[in-house]
Amino acid sequence: MPHGKPGHEAFMKRAIELAKIALSKGETPVGSLTVRNGEILAEGIEAVKARIDVSAHAEMIAIRRACRALGTLDLSGCVIYSTAEPCFMCSFAIRQTRQSGGYRAA
């Protein structure tokens, strides 16, 4: 944990917290966050049912928010954390935005 910044374990714990929020809302328990330089840029919880949108996966929400926050589709240097292995759609979005990933089953 260089310079006192949170490490992978802290980010995965946060992703698990987000997954629990999704579950409490009746969604599939998936949480995701995008991190750059040890700081959380964006978070997402599964929202397929709430948004009536099959693309409202936690990873997609985190990616959209990170892109908006940075004003770019290039998320090079960012890491996406997720409580589930991303599906094909989310994997494509991760690759297109040039992120690296850290995944753990919740």
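Residues numbered from 1 in each chain as written. Predicted model: local features only at pLDDT ≥ 70, side-chain atom pairs only at ≥ 80, totals over all residues. Heavy atoms only, no water.

Chemist: How would you sum up the pattern of salt bridges? Please name residues and give values.
Modeler: Under the counting rule described, the total for this entry stands at 4 salt bridges. The shortest N-O distance in the salt bridge between glutamate 9 and lysine 13 comes to 3.4 Å. With glutamate 9 and lysine 13 both in helix H1 (residues 8–24) and 4 residues apart, this pair spans about one turn of that helix. Residue classification places lysine 13 among the partly exposed residues on the basis of a relative accessible area of 49%. Of the charged contacts in the structure, one is a salt bridge between arginine 98 and aspartate 74, with a shortest N-O distance of 3.5 Å. Placement of the pair is arginine 98 in the loop between helix H4 (88–96) and strand S4 (100–103) and aspartate 74 in the loop between helix H3 (58–70) and strand S3 (78–82), with a sequence separation of 24 residues. With a relative accessible area of 54%, arginine 98 lands in the exposed category. Residue class for aspartate 74 comes out partly exposed when judged on its relative accessible area of 32%. Put simply, Arg14, Glu17 and Glu43 are held in one network by salt bridges that share partners. (Salt bridge = Lys/Arg side-chain N within 4 Å of Asp/Glu carboxyl O. Helix = DSSP H or I, 4+ residues; strand = E, 2+ residues; numbered from the N terminus. Buried < 20%, exposed > 50% of the residue type's maximum accessible area, 1.4 Å probe, protein only.)

Chemist: Any details on the nonpolar core? Residues and values, ideally.
Modeler: Core analysis: the largest hydrophobic core is formed by 11 residues, namely Ala42, Met60, Ile63, Ala66, Cys67, Leu75, Cys78, Ile80, Cys90, Ala93 and Ile94. Elements with a minimum of two residues in this core: H3, S3 and H4. Broken down by element, this core gets its largest block of residues, 4 residues, from H3. If near-sequence neighbours (up to four positions away) are discounted, alanine 93 is found in contact with Met60 and Ile63. (Core = buried A, V, L, I, M, F, W, Y, C linked by side-chain atoms within 4.5 Å. Contact = heavy atoms within 4.5 Å.)

Chemist: Talk me through the state of the cysteines; I want residue IDs and the actual numbers.
Modeler: All told, the structure shown has 0 disulfides when counted by the stated rule. Free cysteine cysteine 87: the closest other cysteine sulfur is in cysteine 90, separated by 3.8 Å. Judged by relative accessible area, cysteine 87 falls into the partly exposed class, the value being 30%. Assessed through its relative accessible area of 0%, cysteine 90 is described here as buried. (Disulfide = S-S within 2.5 Å.)

Chemist: Report on the packing of H3 against H4, specifying residues and quantitative values.
Modeler: Packed helices, taken two at a time, are described by the angle their axes make and the gap between the axes. At a minimum axis distance of 9 Å, the contact between H3 and H4 shows a crossing angle of 25°. Considering their axes alone, H3 and H4 lie roughly parallel with respect to each other. Here H3 and H4 pass one another in a crossing that is left-handed. Between H3, through Glu59, Met60 and Ile63, and H4, the contact on the second element is made entirely by Met89, Cys90, Ala93 and Ile94. Partitioning the contact of H3 with H4 into residue classes produces 6 nonpolar, no polar and 1 charged. (Axes fitted to C-alpha atoms, helices over the stretch in contact; angles between N-to-C directions. Parallel < 35°, antiparallel > 145°, perpendicular 65-115°, else oblique. Left-handed = near helix turned anticlockwise from the far one by under 90°. Nonpolar A, V, L, I, M, F, W, Y, C, P; charged D, E, K, R; others polar.)

Chemist: A description of the confidence of the model for the protein chain should follow, citing residues and the corresponding values.
Modeler: On average, residues of the protein chain score 91 in pLDDT, and 91% of them reach the 70 mark or higher. Mean pLDDT across the secondary structure elements of the protein chain bottoms out at S4, with 61, and peaks at helix H2 (residues 48–51), with 98. (pLDDT = per-residue confidence, 0-100.)

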